[in-house]
Every structure is written in C-alpha cells, then in structure tokens.
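Residue-level listing of the chains:
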Amino acid sequence: MPTTFTIAIATWNRAAMLSRTLEGLTRLRTADGEIAFDVMVCDNNSADDTKQVVTSFEDRLTIRYLFEEKQGKSFALNHMISQTGDEWLLFLNDDILVDE
C-alpha cells in the first residue's frame, strides 16, 4: 500500500504565484506505486481568480478547492486540517517553486 499524503496550500490573492506552484507539482516525481499525494488549496477569501487557477489543474492533479471566508492564515490552515483524512499533511506556501 502506498504512503499517501495531502499537500495543503493556503492562499490569498496570489493566483499567479499559486499557478506556478501547482505547475511544479504536476512535474513532481515520486516512487511509482510507493507514494501518492493529492493537493488541497484553501482560498482565504481572495478577490482574484484563485478558484479558476485551481480548477484549471483538475485534469493534471488530484486537487480540491476549499474556501475560507474568515480572513487569516490560521483560519485557512485549520479548515484544511479539518478536511483531510490522510495520516500525513504537508503544508506548502503558495509561492514555492517545486523542484521535480
């Protein structure tokens, strides 16, 4: 059985940076059959096109979009924690350039 984890990204009005981060995750190499991951993005009440960016990756990543109305990163992080069932949760910033 593969090790599974969720990559959790909280974001607010950084759609362009988020897109680069998600693009990098599409190229992430893992040990085939040994590691599996999904991505959860929590939009912390953004006024930009964050939701559209996330949905544009649905065909390349196993990705979930969450919305948190209460402003503040702690609210977004807690929302993501409450929504995962994986044993491992990896928090990633929305401006990280992911190396494959």
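All residue numbers refer to position in the chain's written sequence, counted from 1. Given that this is a predicted model, residues contribute local features only at a pLDDT of at least 70 and side-chain atom pairs are listed and counted only at 80 or more, while totals for whole chains, interfaces and linings are drawn from all residues. Computation of side-chain values covers all heavy atoms of the structure but excludes hydrogens and water.

**What about the pattern of salt bridges?**
Side chains carrying opposite charge are able to pair once their charged atoms draw close together. Quick reminder of the rule: Any Lys or Arg side-chain nitrogen found within 4 Å of a carboxyl oxygen on Asp or Glu counts as a salt bridge. The helix and strand labels rest on DSSP assignments: H or I over at least four residues marks a helix, E over at least two residues marks a strand, and numbering proceeds from the N terminus. With a 1.4 Å probe rolled over the protein chains alone, any residue whose accessible area is under 20% of its type maximum counts as buried; one over 50% counts as exposed, and the rest are partly exposed.
Enumeration according to the criterion identifies seven salt bridges in this entry. Of the charged contacts, one joins Arg14 and Asp95 as a salt bridge, the two residues approaching to 3.3 Å between their closest N and O atoms. Of this pair, Arg14 sits in the loop between strand E1 (3-11) and helix H1 (15-26) while Asp95 sits in the segment after strand E4 (88-91), placing them 81 residues apart in sequence. Relative accessible area serves as the criterion here: at 30%, Arg14 is assigned to the partly exposed category. Close ionic contact of Glu23 with Arg27 constitutes a salt bridge, the shortest N to O distance being 3.4 Å. Looking at Arg27, the relative accessible area reads 44%, which means it is partly exposed. Through salt bridges with shared partners, a single network forms among Glu23, Arg27, Asp59 and Arg60.

**Some points on the pairing of strand E2 (residues 35-43)**
Here is the rule we go by: For two strands to pair, DSSP has to find at least two bridges joining them. Look down the strands so they point away from you; if the path from the first strand over the helix to the second goes clockwise, the crossover is right-handed.
E2 sits mainly inside the fold: seven of its nine residues count as buried. Two strands pair when backbone bridges link them, and E1 and E2 are joined in this way by nine bridges, in the parallel orientation. The partner of Ala10 across the bridge, within E2, is Cys42. With H1 bridging E1 and the parallel E2, this β-α-β connection has right-handed handedness. With five bridges joining them, E2 and strand E3 (residues 63-67) adopt parallel strand pairing.

**Things to note about the side chain of Thr84**
The criterion, for reference: In protein, a polar contact means a hydrogen-donor-capable atom and an acceptor-capable atom, both N or O and within 3.5 Å, with residues adjacent in sequence counting only if both atoms are side-chain atoms; elsewhere, any N or O pair within 3.5 Å suffices. In what follows, a contact means two residues having at least one pair of non-hydrogen atoms within 4.5 Å.
With respect to the helices and strands, the residue Thr84 is situated in the loop between helix H3 (73-83) and E4. For Thr84, the side chain forms a polar contact with the side chain of Thr6, separated by 3.5 Å. In contact with Thr84, not counting residues within four places along its chain, are Thr6, Met40, Arg64 and Leu89.

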